[in-house]
Amino acid sequence: MAPSGSRSIKRGCQRVLYWIPVLFIAVIVAWSYYAYVLQLCIVVYLLAYHAIFIMFVWAYWRTIFTTPMNPLKEFHLSHSDKELLESENRGESQQEILRRIAKDLPIYTRTNSGAIRYCDRCQLLKPDRCHHCSVCDKCILKMDHHCPWVNNCVGFSNYKYFMLFLAYSLLYCLFVTATDLQYFIKFWTKGLPDTQAKFHILFLFFSASMFSVSLASLFIYHCWLVCKNRSTLEAVRAPVFRHGTDKNGFSLGVSKNFRQVFGDEAKYWPVPVFSSLGDGCSFPTCLVNMDPESPTGSNSASKSAAEGRHQFPSKPLRESQSRLLTSTPSWSETESAADKERKGATNPGMTIENEA
């Protein structure tokens, strides 16, 4: 068999295996519904139960089937740039090509060595907070992690759904545990009739209480990440800016950090619909010591530092919902001013990063 055929079969088997955790969760949820509604059947609680159940399943569905967003075409190398990069064997020449492309983009993060972050598998310059997922084999905007329980990458496009999934699944487990507790006690005191429902009551309480513990710890951790405006990857390895590593580089304060994920309109916060701010390719930053080669320029950063104000990066590449960025000039509009300031200056060297 041809090697390409073997790889296709292997990829197909992997895709099937990746759905096993999702099917496991689906079976547990379906059984819990049967046990609670048909076996336990506490009529007075059924209305609240179904409200929580519907929001839980809705958020879980959106987390699974929302396609992760990839970098815009502006970050991809053109055909001519690809050919030019491949034709150059010298590192210096390749660095010049990457510098020429990167100078027009709102990129502030760097590799540990201070280079522009470049993905040679996707052949693009990585936007801030973007990472290459080895499972999906593509670059994901504001990648948090690849979650096997949803068989999907959690990133900019579905992080809000993931947070709501954790919240509603935790609420679901706590509700089932609390309402099943009195019957669980009766089970041990022989106060329940000897029927099939006894098994469901016992197992329902144990499974709901155990899932509550794990979900509570995970939900609290991600709430902390939202308040700090960090992804899971950034919590493990802090982002590197031109002046060095800064774990709080994207933090704007708890309120703005929260609104970046959930949006400005409170009525959409508890609903699994997209309301996050921005386009996923550029993000405001609290840094006052901005990259002197960035489109915003070094003078504006120094002025903000003197005035004690937060410095934000320029607008996203396209008009979006981000109200955190409306007061700043477009990165394309400030490019010419920044170019004038950089005349005569020598750009530091850059290397290519492979995070595939």
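Bear in mind the structure is a predicted one, so any value in this text is a computation, not a measurement. (Residues numbered from 1 in each chain as written. Predicted model: local features only at pLDDT ≥ 70, side-chain atom pairs only at ≥ 80, totals over all residues. Heavy atoms only, no water.)

**Topic: the overall build of the protein**
Turning to step 1, where the next piece is worked out: When its secondary structure is counted, the protein shows eleven helices and nine strands.
Turning to step 2, where the next piece is worked out: Split into buried and exposed, the 356 residues of the protein put 47% on the buried side.
Turning to step 3, where the next piece is worked out: Expressed as a percentage of contacts within the protein between residues at least 6 apart in sequence, the contacts between residues at least 24 apart total 66%.
Turning to step 4, where the next piece is worked out: Roughly 17,900 Å² of accessible area belongs to the protein as shown, and the carbon and sulfur atoms make up 62% of that amount. (Helix = DSSP H or I, 4+ residues; strand = E, 2+ residues; numbered from the N terminus. Buried < 20%, exposed > 50% of the residue type's maximum accessible area, 1.4 Å probe, protein only. Contact = heavy atoms within 4.5 Å. Areas by Shrake-Rupley, 256 points an atom, 1.4 Å probe, with all protein chains shown as cover.)

**A short note on helix α9 (residues 254-262)**
Turning to step 1, where the next piece is worked out: For α9, the set of buried residues is N257, Q260, V261 and F262.
Turning to step 2, where the next piece is worked out: Packing partners of the buried residues in α9 comprise α6 (159-188) and α7 (197-228).
Turning to step 3, where the next piece is worked out: After α9 finishes, the residue G263 shows a positive phi value of roughly 95 degrees.

**Notes on the confidence of the model for the protein**
Turning to step 1, where the next piece is worked out: On average, residues of the protein score 80 in pLDDT, and 77% of them are at 70 or above.
Turning to step 2, where the next piece is worked out: Low pLDDT (under 50) marks residues 288-356, which in the prediction has 149 contacts with non-local residues, meaning those over four places away or in another chain. (pLDDT = per-residue confidence, 0-100.)

**Brief notes about the nonpolar core**
One recurring pattern in soluble globular proteins is that nonpolar side chains are buried together.
Turning to step 1, where the next piece is worked out: The biggest cluster of nonpolar side chains holds 41 residues, and the ones touching the most others in it are Y36, Y49 and Y159.
Turning to step 2, where the next piece is worked out: Among the elements of the structure, α2 (20-40), α3 (46-65), α6, α7 and α9 are those that each provide at least two residues to this core.
Turning to step 3, where the next piece is worked out: With twelve residues, α6 is the single largest residue contributor to this core.
Turning to step 4, where the next piece is worked out: Core analysis: the next-biggest nonpolar cluster, separate from the first, contains 24 residues, L77, A102, L124 and F156 among them. (Core = buried A, V, L, I, M, F, W, Y, C linked by side-chain atoms within 4.5 Å.)

**Details of the packing of aromatic side chains**
Turning to step 1, where the next piece is worked out: All chains considered together, the criterion is met by 29 aromatic pairs.
Turning to step 2, where the next piece is worked out: Between F199 and F203 the ring centres are 6.0 Å apart and the planes differ by 10 degrees, which places this aromatic pair in the stacked class. Taken as a pair, F199 and F203 lie in helix α7 at a separation of four residues, close to a single helical turn.
Turning to step 3, where the next piece is worked out: Using a relative accessible area of 52% as the deciding quantity, one classes F199 as exposed.
Turning to step 4, where the next piece is worked out: Their ring planes at 50 degrees and their centres at 5.4 Å tell us that F241 and F250 sit as a pair that is tilted. Residue F241 shares its accessibility class with F250, and that shared class is buried.
Turning to step 5, where the next piece is worked out: The rings of Y33, Y36, Y45, Y49, F53, F56, Y60, Y159, F162, F165, Y172 and F175 are connected pair by pair, giving a single aromatic cluster.
Turning to step 6, where the next piece is worked out: Over the face of the ring belonging to F250 we find R129, whose NZ or CZ atom lies 4.4 Å from the ring centre. (Phe/Tyr/Trp six-rings, centres within 6.5 Å; stacked < 30°, edge-to-face > 60°. Lys NZ or Arg CZ within 6 Å of the ring centre and 35° of its normal.)

**Points about the packing of α3 against α6**
Turning to step 1, where the next piece is worked out: Between α3 and α6, the shortest axis-to-axis distance is 8 Å and the interhelical angle comes to 150 degrees. On the basis of the axis angle, α3 is roughly antiparallel to α6. In terms of crossing hand, the pair formed by α3 and α6 is left-handed. Packed against α3, whose contacting residues are A48, Y49, I52, F53, M55, F56, A59, Y60, R62 and T63, the element α6 presents Y161, F162, L164, F165, Y168, S169, L171, Y172, F175 and V176 at the interface.
Turning to step 2, where the next piece is worked out: Here the contact of α3 with α6 is composed, by residue class, of 17 nonpolar, two polar and one charged. (Axes fitted to C-alpha atoms, helices over the stretch in contact; angles between N-to-C directions. Parallel < 35°, antiparallel > 145°, perpendicular 65-115°, else oblique. Left-handed = near helix turned anticlockwise from the far one by under 90°. Nonpolar A, V, L, I, M, F, W, Y, C, P; charged D, E, K, R; others polar.)

**Topic: the sheet that holds strand β9 (residues 244-245)**
Turning to step 1, where the next piece is worked out: The three strands lie next to each other as β1-β8-β9, forming an open sheet whose pairing is antiparallel. A single partner strand is all that each edge strand has here, and the edge strands are β1 (109-110) and β9.
Turning to step 2, where the next piece is worked out: Sheet topology note: the β1/strand β8 (residues 240-241) ladder contains two bridges and is antiparallel. Across the sheet, T109 pairs through a bridge with F241, a residue of β8. (Pairing = 2+ DSSP bridges.)

**So, the packing of α2 against α3**
Turning to step 1, where the next piece is worked out: Running from amino to carboxyl end, α2 crosses α3 at an angle of 170 degrees, the nearest separation of the two axes being 12 Å. Taken together, the axes of α2 and α3 lie roughly antiparallel to each other. Residue-level inspection shows V22, I25, V29, S32, Y33, Y36 and V37 of α2 in contact with α3, the latter providing L46, Y49, H50, F53, F56, Y60 and I64.
Turning to step 2, where the next piece is worked out: Its residues assigned to classes, the contact of α2 with α3 comprises twelve nonpolar, two polar and no charged.

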